[in-house]
Amino acid sequence: MSRLVAYLILAVTAGLASFFIGNSTIVNMTAGLSVGLFIPLIDEVGQNWGQIRHIWYSIRYRRRTIRVSTSYLFRVAIDGKYLLIRGSRYAHQFQPVGGVHKVSPQGSSALSAMGVIDDDLIPVDPASYGDIRVRVPGKMIARFFRWFDSREGREDSPWREFQEELVATGIVSSANFPHIMHNYLRREVDPIRYSEYADSLEILVADIYELVPNQDQENELRQLASSGHPDLAWVSAQQIRRRGATPGQPQSINIAAHARRVL
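Predicted model only: the values in this text are computed from it and were never measured.

Caption draft 1: Representation of the overall build of the protein. A tally of helices and strands in the protein yields eight helices and eleven strands. A separation threshold of at least 6 residues defines the contact pool for the protein, and within that pool the share at least 24 residues apart is 70%. Total accessible area on the protein stands at roughly 14400 Å², and carbon and sulfur atoms take up 56% of it.

Caption draft 2: Broad picture of the nonpolar core. If you look at the biggest cluster of nonpolar residues, it comprises 21 residues, and the most contacted ones within it are Ile 66, Val 68, Val 136, Ile 141, Phe 144, Trp 147 and Ile 203. Looking at this core, the elements that each hand over two or more residues are strand E1 (65-75), strand E7 (133-137), helix H5 (141-150) and strand E10 (200-211). At five residues, H5 tops the list of elements feeding residues into this core. Ignoring sequence-local partners within four residues, the contact set of Phe 144 consists of Val 68, Leu 111, Met 114, Val 116, Ile 132, Val 134 and Val 136.

Caption draft 3: Here's a closer look at helix H7 (residues 215-225). Residues of H7 that are buried: Gln 217, Glu 220, Leu 221 and Leu 224. Along the axis of H7, the buried positions cluster into a sector of 100 degrees, meaning they face one direction only. Looking at the buried residues of H7, the elements they touch are strand E2 (77-78), E10 and strand E11 (232-235). N-cap assignment for H7: the residue whose side-chain oxygen lies 3.1 Å from the backbone N of Asp 216 is Asn 214.

Caption draft 4: Up close: the environment of His 101. By the secondary structure assignment, His 101 is in the loop between strand E5 (98-100) and helix H4 (105-113). Taking the C-alpha atoms as reference points, His 101 and Thr 70, 31 residues apart in sequence, are found 6.0 Å from one another. Every residue in contact with His 101, bar those within four places of it in the chain, is listed here: Thr 70, Ser 71, Tyr 72, Gly 130, Asp 131, Ile 132, Phe 148, Arg 154, Glu 155 and Asp 207. A distance of 3.0 Å separates polar atoms of two side chains, one belonging to His 101 and the other to Thr 70. Side-chain polar atoms of His 101 contact the backbone nitrogen of Ser 71, separated by 3.4 Å.

Caption draft 5: Structural view of the side chain of Ser 71. Structurally, Ser 71 can be placed in strand E1. Overall, the relative accessible area of 15% leaves Ser 71 in the buried class. The contact partners of Ser 71, leaving out residues within four places of it in the chain, are Gly 99, Val 100, His 101, Val 205, Ala 206 and Asp 207.

Caption draft 6: Expanded view of the environment of Asn 183. Relative to the helices and strands, Asn 183 is located in strand E8 (residues 182-189). Residues contacting Asn 183, with those up to four places away along its chain left out, are Ile 208, Tyr 209, Glu 210 and Val 212.

Caption draft 7: The pairing of E10, seen in detail. Counting buried residues in E10 gives ten out of twelve residues, a clear majority hidden from the surface. Note that E1 and E10 share ten bridges and pair parallel. Across the sheet, the residue bridging to Ile 66 is Leu 201, located in E10. As paired strands, E8 and E10 are joined by seven bridges and run antiparallel to one another.

Caption draft 8: The arrangement of the packing of H4 against H5 in detail. Across the interface, H4 lies against H5 with an axial gap of 11 Å and an inter-helix angle of 165 degrees. In terms of orientation, H4 lies roughly antiparallel with respect to H5. The chirality of how H4 crosses H5 is right-handed. Touching Gly 107, Ala 110, Leu 111 and Ala 113 of H4 are Arg 143, Phe 144 and Trp 147, all from H5. A per-class count over the contact of H4 with H5 returns five nonpolar, one polar and one charged.

Caption draft 9: Broad picture of unusual backbone geometry. Unlike most non-glycine residues, Arg 151 shows phi in positive territory, near 65 degrees. Structurally, Arg 151 can be placed in the loop between H5 and helix H6 (159-167).

Caption draft 10: Structural context of the packing of aromatic side chains. For the structure on display, the rule yields ten aromatic pairs. Aromatic side chains Trp 147 and Phe 148 sit 6.5 Å apart centroid to centroid with 55 degrees between the ring planes, which places their arrangement in the tilted category. In this structure, Trp 147 and Phe 148 share a single accessibility class: buried. Within the aromatic cluster, the residues linked to one another by ring pairs are Phe 74, Trp 159, Phe 162, Phe 177, Tyr 184 and Tyr 209. It is Arg 154 that lies over the ring of Phe 148; its NZ or CZ is 3.9 Å from the centre.

Calculation notes
- Residues numbered from 1 in each chain as written.
- Predicted model: local features only at pLDDT ≥ 70, side-chain atom pairs only at ≥ 80, totals over all residues.
- Heavy atoms only, no water.
- Helix = DSSP H or I, 4+ residues; strand = E, 2+ residues; numbered from the N terminus.
- Contact = heavy atoms within 4.5 Å.
- Areas by Shrake-Rupley, 256 points an atom, 1.4 Å probe, with all protein chains shown as cover.
- Core = buried A, V, L, I, M, F, W, Y, C linked by side-chain atoms within 4.5 Å.
- Buried < 20%, exposed > 50% of the residue type's maximum accessible area, 1.4 Å probe, protein only.
- Arc of directions from axis to C-beta.
- Polar contact = N/O pair within 3.5 Å; in protein donor to acceptor, adjacent residues only side chain to side chain.
- Pairing = 2+ DSSP bridges.
- Axes fitted to C-alpha atoms, helices over the stretch in contact; angles between N-to-C directions.
- Parallel < 35°, antiparallel > 145°, perpendicular 65-115°, else oblique.
- Left-handed = near helix turned anticlockwise from the far one by under 90°.
- Nonpolar A, V, L, I, M, F, W, Y, C, P; charged D, E, K, R; others polar.
- Phe/Tyr/Trp six-rings, centres within 6.5 Å; stacked < 30°, edge-to-face > 60°.
- Lys NZ or Arg CZ within 6 Å of the ring centre and 35° of its normal.

Shown next as structure tokens:
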């Protein structure tokens, strides 16, 4: 951020000089300097927009408490169909493989120092213990995201949820899935909004990964897609966008809203 501030000061200084100095040569020079400085300034703002937005939240909502939930999701696709799995907490809907990031004991200490507390929407049990589904003092939002972006003291691999949801349950074999290769696609950080469900301001964060199966894994997934497993759904992108609806047909599946993130 210091480089961004330096660009901003230089650009503003050059711009002001072009207005208050009468010498045309100097005016032209400072005008050119202003343009030259504003280009990297715009680039710097674009690269740091998330940080700038969170600093603004820390100022605007400094007296509020904000619910933050961070997760990672898998795009698993075979032959144009996307794999969704029945939700463990909401069994009536299907969603991507994935779940909420976990925090380590060291990370818990860092969060406690910020005044971050556990969210109370879902009871803390062995499955949800350590989830980064928390309530953050508004003034600490920028600091919280700096900590989260540092990856220190928190889960930094998507393997756990993949293993728990697909391998440990026997949906896929440990013989073919002793490990996986994946691509990191992107991070989605939703703008702050009021959630009636949480009765709170809320920011949702999702890291999106794509499974890169080897040939044996791809063959097994293709067989799985034709098996009719009751806890799985293989659906098109259109079905995901329409939350499970298919034009001209009765709706037979409910798809979670966050499934659109894997498209």
